[in-house]
2 protein chains.
Amino acid sequence: MTDHQGISDLLQERGIQPSAQRVAIARHVLRTDGHPTADEVLAQVRRSFPMVSRATVYNTLKLFVAKGLLRTCQFEGGVTVYDANVGRHHHFIDAATGEIHDVPWEALDVRGAEELAGFQVDSWMVVMRGRRRDDPGA
Amino acid sequence: MTDHQGISDLLQERGIQPSAQRVAIARHVLRTDGHPTADEVLAQVRRSFPMVSRATVYNTLKLFVAKGLLRTCQFEGGVTVYDANVGRHHHFIDAATGEIHDVPWEALDVRGAEELAGFQVDSWMVVMRGRRRDDPGA
DNA sequence: GTGATAACCTAGACTTGGTCCAGACATGGA
DNA sequence: TCCATGTCTGGACCAAGTCTAGGTTATCAC
Ligand SMILES: [Mn+2]
Ligand SMILES: [Mn+2]
Ligand SMILES: [Zn+2]
Ligand SMILES: [Zn+2]
């Protein structure tokens, strides 16, 4: 799924013309479990594809979102981040580093969201803040 | 609490010099249950105080946040909104209008956030998206 | 009251994340 | 091969937010 041919096929399945730029961007943004900003993706992609333009990165990320390969999130700093994890999940934000970590949907139990009076709730997410614990086993 | 004298006293209690500009800003941002942006506050305040500068509004909102009178939130559009409700609560975002509505803390039951493996969770909030239901009683 | 000092405010320049556009380049079908 | 369409590029542009230099206002000592 992360090799050049596999990425190209994946884009085509979603009706996206697999241009060289789009494949290069997809390689960086679809294979990470991080939450990079557009400019971080641009910097990363330029290391192997220096001529790519900023407009193309922004346009391509938008296209991937429209085609369901990515989603966007906004937590703090007024910056949009891209998330390759498009399934339901929650987020933990490390207040010390600003890092965003995914939290599995099953790790939490949210009750009452569906039957909220006055609102038709289509989706929800828990956003947690705190500090990552030093992993004692690592 | 919303008249000029009351606002002035409130600011002084928090160690904030109650200048005319600060009182005018406080009147608009502390008495609403909406979630206005800084530029919305600026526009609103200017109707009764035309000479107030953008820098003063931004600085004053930051000061109010530092003093615990306001909090900031970022949901979408890469814009910071200010929330006079500084207690624990959740948020519902109307996908059609972009409006942000407060949801009382007790309306939802979230379990598992405190004992999340690997993270020390200090706070959390549920962010819901959907549409506001037409209120049939109104 | 007068003057010194600190606090506060203003206008506008600046930064930055993001969009838009006009022209260049690539692709694919007739 | 030619044309139509799709894609990409660089740079101008926009909008939210910050910074700064200088002016105004409040506070306090005398
Ligand atoms: Mn950047
Ligand atoms: Mn911005
Ligand atoms: Zn995520
Ligand atoms: Zn709120």
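So, how was this worked out
Residues numbered from 1 in each chain as written. Chains lettered and ligands numbered in written order. Predicted model: local features only at pLDDT ≥ 70, side-chain atom pairs only at ≥ 80, totals over all residues. Heavy atoms only, no water. Near = heavy atom within 4 Å. Polar contact = N/O pair within 3.5 Å; in protein donor to acceptor, adjacent residues only side chain to side chain. Helix = DSSP H or I, 4+ residues; strand = E, 2+ residues; numbered from the N terminus. Nonpolar A, V, L, I, M, F, W, Y, C, P; charged D, E, K, R; others polar. Donors = N, O, S within 2.8 Å, 3.2 Å for Na, K, Ca; no water. Buried < 20%, exposed > 50% of the residue type's maximum accessible area, 1.4 Å probe, protein only. Phe/Tyr/Trp six-rings, centres within 6.5 Å; stacked < 30°, edge-to-face > 60°. Lys NZ or Arg CZ within 6 Å of the ring centre and 35° of its normal. Contact = heavy atoms within 4.5 Å. Buried area = accessible area lost by both parts, 1.4 Å probe. Salt bridge = Lys/Arg side-chain N within 4 Å of Asp/Glu carboxyl O. Least-squares fit on C-alpha atoms with pLDDT ≥ 70 in both.

Before going further, it helps to spend a moment on the protein's contact with DNA strand C. Near DNA strand C there are 15 residues, and of these Arg54 of chain A together with Ser19, Gln21, Met51 and Thr56 of chain B occur at the shortest range. In DNA strand C, the atoms that sit within 4 Å of the protein are 72% sugar and phosphate, with bases accounting for the remainder. Taking arginine 54 of chain A, its side chain carries an N or O atom lying 2.3 Å from a base nitrogen of DNA strand C. Looking at the surface near DNA strand C, the elements that each hand over two or more residues are α4 (54-66) of chain A together with α2 (20-29) and α4 (54-66) of chain B. In terms of residue count, α4 of chain A provides more of the surface near DNA strand C than any other element does, 4 residues in total. Counted by class, the surface near DNA strand C contains 5 nonpolar, 6 polar and 4 charged residues.

On to the coordination of the zinc ion (ligand 4), then. Under ideal tetrahedral coordination, the four donors around a metal are separated by 109.5 degrees; under ideal octahedral coordination, the six donors are separated by 90 or 180 degrees. All names here are of chain B. Taken together, the protein donors to the zinc ion (ligand 4) comprise His35 (NE2), Asp83 (OD), His89 (NE2), His91 (NE2) and Asp102 (OD), at separations of 1.9 to 2.3 Å. All donors of the zinc ion (ligand 4) come from a single chain, and their spacing in sequence reads H-x47-D-x5-H-x1-H-x10-D. With histidine 35 in the loop between α2 and α3 (38-46) and aspartate 102 in strand β4 (residues 100-104), this pair connects stretches of sequence that are 67 residues apart. For histidine 35, a relative accessible area of 10% puts it in the buried group. Residue classification places aspartate 102 among the partly exposed positions, given a relative accessible area of 26%.

Taken as a whole and assessed by the stated rule, the structure comprises 4 aromatic pairs over all chains. On the numbers, 5.8 Å between centres and 45 degrees between planes, the contact of tryptophan 105 of chain B with tryptophan 124 of chain B is tilted. Linking tryptophan 105 of chain B in the loop between β4 and β5 (109-111) with tryptophan 124 of chain B in strand β6 (residues 119-132), this pair joins segments that are 19 residues apart in sequence. An identical accessibility class is assigned to tryptophan 105 of chain B and tryptophan 124 of chain B; each is buried. The positively charged end of arginine 88 of chain A is found above the aromatic ring belonging to tryptophan 124 of chain A, 5.6 Å away from the centroid.

Attention now goes to the interface of chain B and chain A. Contacts between chain B and chain A engage 32 residues on the former and 32 residues on the latter. Carbon and sulfur atoms make up 56% of the surface buried where chain B meets chain A, a total of about 2,800 Å² over both sides. Among the residues chain B hides against chain A, the three largest losses belong to Gln74, Phe119 and Arg133 of chain B. Together they make up 21% of the total. Counting every contact that joins chain B to chain A gives 0 salt bridges. Across the contact surface, chain B and chain A share 16 residue pairs in polar contact (both at pLDDT 80 or more). A total of 14 residues in the side of chain B that touches chain A trace back to one element, the largest contributor, which is β6 of chain B. When its residues are assigned to classes, the side of chain B that touches chain A shows 15 nonpolar, 9 polar and 8 charged.

Time to look at the relation of the copies chain B and chain A. Overlaying chain B with chain A gives an RMSD of 0.1 Å, the required rotation being 180 degrees about an axis along which the chain moves by 0.0 Å. Read as a symmetry element, the transformation amounts to a two-fold axis. Of the interface residues in chain B, 100% have counterparts in chain A that sit at the interface too, so the contact is made through matching surfaces.

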